[in-house]
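Breakdown of the fold
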Amino acid sequence: MSLLVQLAAENPENPLIPPGPELVIGLIAFVIVFGFLAKKLLPNINKVLEQRREAIEGGIEKAEAAQTEAQSVLEQYKAQLAEARHEAARLRQEAQEQGATLIAEMRAEGQRQREEIVAAGHAQIEADRKSAAQALRQDVGHLATDLAGKLVGESLEDHARQSRVIDRFLDELEEKAEAAR
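Residues numbered from 1 in each chain as written. Predicted model: local features only at pLDDT ≥ 70, side-chain atom pairs only at ≥ 80, totals over all residues. Heavy atoms only, no water.

In this section: the overall build of the chain. On a plain count of helices and strands, the chain comes out with 3 helices and 0 strands. The helix and strand sequence of the chain, counted from the amino end, reads α-α-α. In the chain, which comprises 181 residues, the share counted as buried stands at 4%. (Helix = DSSP H or I, 4+ residues; strand = E, 2+ residues; numbered from the N terminus. Buried < 20%, exposed > 50% of the residue type's maximum accessible area, 1.4 Å probe, protein only.)

Structure follows, in structure tokens:
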């Protein structure tokens, strides 16, 4: 210590270098405060920092989980949409097939009804023709009988005779008409 005292005596006091006892007391106080901070405050600071880190990591994990879930929901949605489109196309195809079948059935039914109507019309025309021919035959027969009666000067009222004469006359007319064709 004598060296320090000599230096101190030779040099006036340097304000940057504290005196020895003060330096020792300051160093002891620093170690006590640092120990107190290391024992009490540092664990709390580390604990808060760890909680923040866990919160950040948990947020990142939650965001990743949400993104994964959103991606799976999107894929499900796309799959359902594709399935719905496929189902709509299938239903559309079935409807077209049913429509074509229905149109074919309706055409066949219309054709059948048309043929029935035409056949009924032909039958009616044939029946009307026969009826008209029969009525005409009777009228021609009566006229021929009246005319023959006037020519002969005798009444041809006998019905059986009249029918035979009329039938023979009309048969001859029909034969001539067919021969002319």
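Bringing the confidence of the model for the chain into the picture now. Predicted coordinates in regions of low pLDDT should not be interpreted in detail. When pLDDT is averaged along the chain, the result is 83; 85% of the residues meet or exceed 70. Mean pLDDT across the secondary structure elements of the chain bottoms out at helix α1 (residues 2-10), with 57, and peaks at helix α2 (residues 20-152), with 89. (pLDDT = per-residue confidence, 0-100.)

Moving on: the pattern of salt bridges. Here the structure, examined in full by the defined rule, presents 7 salt bridges. One salt bridge connects Glu 87 with Arg 90, and the closest N-O pair in it is separated by 2.2 Å. In this pair, Glu 87 and Arg 90 are both assigned in helix α2, 3 residues apart and thus about one turn of the helix distant. Under the relative-accessibility criterion, Glu 87 is labelled partly exposed at 33%. Note on Arg 90: relative accessible area 33%, which makes it partly exposed. Arg 129 is the partner of Glu 126 in a salt bridge, and the nearest nitrogen-oxygen pair spans 2.6 Å. (Salt bridge = Lys/Arg side-chain N within 4 Å of Asp/Glu carboxyl O.)

Now for the environment of Ala 144. Summarising the element assignment, Ala 144 is placed in helix α2. Between the C-alpha atoms of Ala 144 and Phe 169, which are 25 residues apart in sequence, the distance is 9.0 Å.

Bringing a negative patch on the surface into the picture now. A contiguous patch of negative charge, built from Asp 171, Glu 172, Glu 175 and Glu 178, is present on the exposed surface. Inspection of the secondary structure puts Asp 171 in helix α3 (residues 159-180). (Patch = residues over 30% accessible without salt bridge, like charges linked within 9 Å, V, L, I, M, F, W, Y side chains within 5 Å. Areas by Shrake-Rupley, 256 points an atom, 1.4 Å probe, with all protein chains shown as cover. Lys, Arg positive; Asp, Glu negative; His and termini not counted. Charge placed at Lys NZ, Arg CZ, Asp CG, Glu CD.)

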